[in-house]
Amino acid sequence: MSVLVVGSLAIDSIETPFGSAPRALGGSATYISAAASYFTNPIRLVGVVGGDFPKEGLRFLEERHVDLEGLEIVKEGKTFHWAGRYHYDLNVRDTLKTQLNVFEKFDPKIPPRYKNSTYVCLGNIDPVLQLRVLDQIEKPRVVICDTMNYWIEGKNKELLETLKRIDILILNESEARLLSKEPNLIKAARVIRGMGPRIVIVKKGEHGALLITESTVFSAPAYPMENIFDPTGAGDAFAGGFVGWLGRTDDISEENLKRAVIYGSALASFCVEKFGVDGLRDLTYLRIQDRFRSFRELSRFEEDYVASE
Ligand code: AMP
């Protein structure tokens, strides 16, 4: 099945307690398409970069068999730039800079052969751009959308328009509370479902993720990691693993959505093991399968207890 990914391609400056990278390859679309590419390819990518985007970044995507026909390169422009600093508690990060640069004037044009894409993943970008993409897609089976506090606060009205036209929203717990104005996550998801998406996935960092549909609440654990090097992109890698699995299987039954959440969690766990996109560089399907299986072991327990005399 064809998977279309739209989102940011970025030059990130990342600081964590364990090191820093002043010009790392990043962006929501970069992480999503790299993660999804382990399940199905080519992933169709739509985004924009400036003339300063490193050749190495293009090479990375090409090596992951990402289709770059939908990537616009504005030679005289500057690439989107994001800077973030993580606290000792890696669940907490401060955004130091968000420079939209070429995204300010970006008008996404979907190449004709992308228009029939079955699975569409709208990565974290301006909801106005997300809407313009949806206007050009013919009949997607599933539209998955990610967003963040920057847009929930800055473009709330536009985001509400986008939400009316999507099927699955992925967001983290603080964003879910911010969007719904409801502190309890189950109630928050209900409020958000009322805004349009029939399925809401709430990511809870190292505490896993909740998949909430009309009839189910599924709680997935996070993989317990001893060495988290850089959490940047974990949310996007999650979205990539999730949509990649759906694209591979073309099955949106509730049971398969649960599997997709676990594959998303597996890709997120690989992502944070290294700096920037390096954690998504040399994976194999076999390693991903292994980690998928170990997720099952994490919360498996016997139902019956027979007391010994
Ligand atoms: P995550 O850690 O999953 O939230 O994703 C981090 C990535 O999102 C970084 O590589 C950033 O370049 C990108 N990013 C951060 N803020 C924004 C924004 N406002 N719009 C689009 N992409 C962003």
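Everything here concerns the structure above.
In this text, all values refer to a predicted model and were calculated from it rather than measured experimentally. Here the residue index of a chain counts from 1 through its sequence in written order. Reporting of local features is limited, given that this is a predicted model, to residues whose pLDDT is at least 70; pairs of side-chain atoms are given and counted only at 80 or more, and all residues count toward the totals for whole chains, interfaces and linings. Side-chain figures throughout are based on the complete set of non-hydrogen atoms in the structure, without hydrogens or water.

What am I meant to see in the overall build of the protein chain here?
Summing up its helical and strand segments, the protein chain has 10 helices and 13 strands in all. In terms of overall size, the protein chain behaves like a compact globule, its C-alpha atoms giving a radius of gyration of 19 Å where 309 residues would be expected to give roughly 19 Å. When each of the 309 residues of the protein chain is scored for burial, the buried share is 55%. Residue contacts are defined here by distance: any two heavy atoms, one from each residue, within 4.5 Å place the two residues in contact. Sequence-distant contacts in the protein chain: of pairs separated by 6 or more residues, those separated by 24 or more amount to 65%. Computed with a 1.4 Å probe, the accessible areas rest on the Shrake-Rupley method; for each residue, only the protein chains presented here act as cover. Of the roughly 14400 Å² of accessible surface on the protein chain, 49% is carried by carbon and sulfur atoms. The convention is simple: Lys and Arg are positive, Asp and Glu are negative, and His and the chain ends are not counted. Taken as the charge location is NZ of Lys, CZ of Arg, CG of Asp or CD of Glu. Mean positive and mean negative side-chain charge positions of the protein chain (39 and 43 charges, respectively) differ by 4 Å. Helix numbers and strand numbers start at the N terminus; a helix is a DSSP run of H or I with at least 4 residues, a strand a run of E with at least 2. Using C-alpha atoms as the atom set, the radius of gyration is obtained and then compared with a globule rule of 2.2 Å times the number of residues to the power 0.38. Residue burial is assigned from relative accessible area. The probe radius is 1.4 Å, only protein chains are included, and a residue is buried under 20% of its type maximum, exposed over 50%, and partly exposed in between.

Hey, could you run me through the site of the ligand in this one?
We call a residue near a molecule or strand when any one of its heavy atoms sits within 4 Å of it. Surrounding the ligand, one finds 20 residues, the nearest of these being Asp-12, Gly-27, Asn-124, Gly-233 and Asp-236. One of the side-chain N or O atoms of Ser-8 is found 2.8 Å from a nitrogen atom in the ligand. Between Asp-236 and the ligand, the recorded distance is 2.7 Å, taken from a side-chain N or O atom to an oxygen atom. Protein chains shield 93% of the accessible area of the ligand, which is 510 Å² for the free molecule. Residue assignment for the shell around the ligand shows that the elements contributing at least two residues are β2 (10–16), β6 (80–86), β7 (93–99), α4 (149–154) and α8 (234–249). By residue number, the principal contributor to the shell around the ligand is α8, which donates 3 residues. Side-chain classes follow a simple rule in which Ala, Val, Leu, Ile, Met, Phe, Trp, Tyr, Cys and Pro form the nonpolar group, Asp, Glu, Lys and Arg form the charged group, and the remainder, Gly included, forms the polar group. Of the residues belonging to the shell around the ligand, the class tally is 9 nonpolar, 8 polar and 3 charged. N or O atoms within 3.5 Å of each other form a polar contact, as long as, within protein, one can give a hydrogen and the other can take it, and as long as residues adjacent in sequence are counted only when both atoms are side-chain atoms.

Can you help me understand the nonpolar core in this one?
Counting 59 residues, the largest nonpolar core has Ile-144, Ile-168, Ile-201, Phe-242, Val-261, Leu-267 and Leu-280 as the members making the most contacts within it. With 10 residues, helix α9 (residues 254–271) is the single largest residue contributor to this core. Buried residues of nine kinds, namely Ala, Val, Leu, Ile, Met, Phe, Trp, Tyr and Cys, make up a nonpolar core once their side-chain atoms join them within 4.5 Å.

Looking at this model, I keep getting lost on the state of the cysteines. Mind explaining?
Covalent bonding between the sulfur atoms of two cysteines defines a disulfide. Note on terminology: pairs of cysteine sulfur atoms within 2.5 Å are recorded as disulfides. Counted according to the given criterion, the structure contains 0 disulfides. With no disulfide of its own, Cys-271 has Cys-121 as its nearest cysteine by sulfur position, at a separation of 14 Å. For Cys-271, a relative accessible area of 0% corresponds to the buried category.

Mind showing me how you'd approach the sheet that holds strand β11 (residues 199–203) here?
The rule for pairing is simple: two strands pair if DSSP sees at least two bridges between them. Within the open sheet, the 9 strands sit side by side as β5-β4-β1-β8-β9-β10-β11-β12-β13. Their pairing is mixed. Single-partner strands in this sheet number two, and they are β5 (66–74) and β13 (217–220). When strand polarity is set aside, the average angle formed by the axes of neighbouring strands in this sheet is 15°. Interaxial angles span 0 to 180 degrees and are taken between N-to-C directions of axes, which are lines fitted to C-alpha atoms, for helices over the stretch in contact. Each of β1 (3–6), β8 (119–122), β9 (142–146), β10 (168–172), β11 and β12 (209–212) touches α8; the most contacted strand, β8, lies at about 175° to it.

Would you explain unusual backbone geometry in this entry?
Trans is the common state for peptide bonds, and a negative phi is the common state for residues other than glycine. A cis amide bond, omega 5°, links Asn-41 with the succeeding residue Pro-42. Considering the arrangement of structural elements, one finds Pro-42 in the loop between α1 (28–36) and β4 (43–50). Residue Asp-250 is not a glycine yet carries a positive backbone phi of 50°.

Help me out: how do you make sense of the pattern of salt bridges in this one?
Side chains bearing opposite charge may pair, as long as their charged atoms lie close to each other. Any Lys or Arg side-chain nitrogen found within 4 Å of a carboxyl oxygen on Asp or Glu counts as a salt bridge. For the structure on display, the rule yields 16 salt bridges. Its salt-bridge partner being Arg-113, residue Glu-69 comes within 2.6 Å of it at the nearest N-O pair. In this pair, Glu-69 is assigned in strand β5 and Arg-113 in the loop between β7 and β8, connecting sequence segments 44 residues apart. A residue is classified by how much of its surface remains accessible, and Glu-69, at 44% relative accessible area, is partly exposed. Where salt bridges share partners, they join Glu-56, Asp-278 and Arg-281 into one cluster.

I keep staring at the sheet that holds β6 and nothing clicks. Help me out?
Spatially, 4 strands are ordered β3-β2-β6-β7 in an open sheet, and the strand pairing comes out mixed. Each edge of the sheet is formed by a strand with only one pairing partner; in this case those strands are β3 (19–26) and β7. Neighbouring strand axes in the sheet, compared pairwise and without regard to direction, differ in orientation by 15° on average. Strand direction decides the pairing type here: β2 and β6, joined by 6 bridges, are parallel. What sits directly across from Glu-15, in β6, is Arg-85.

I tried to follow the environment of Ala-176 on my own but got confused; where do I start?
Its location among the elements puts Ala-176 in helix α6 (residues 173–180). Judged by its relative accessible area of 0%, Ala-176 falls in the buried class.

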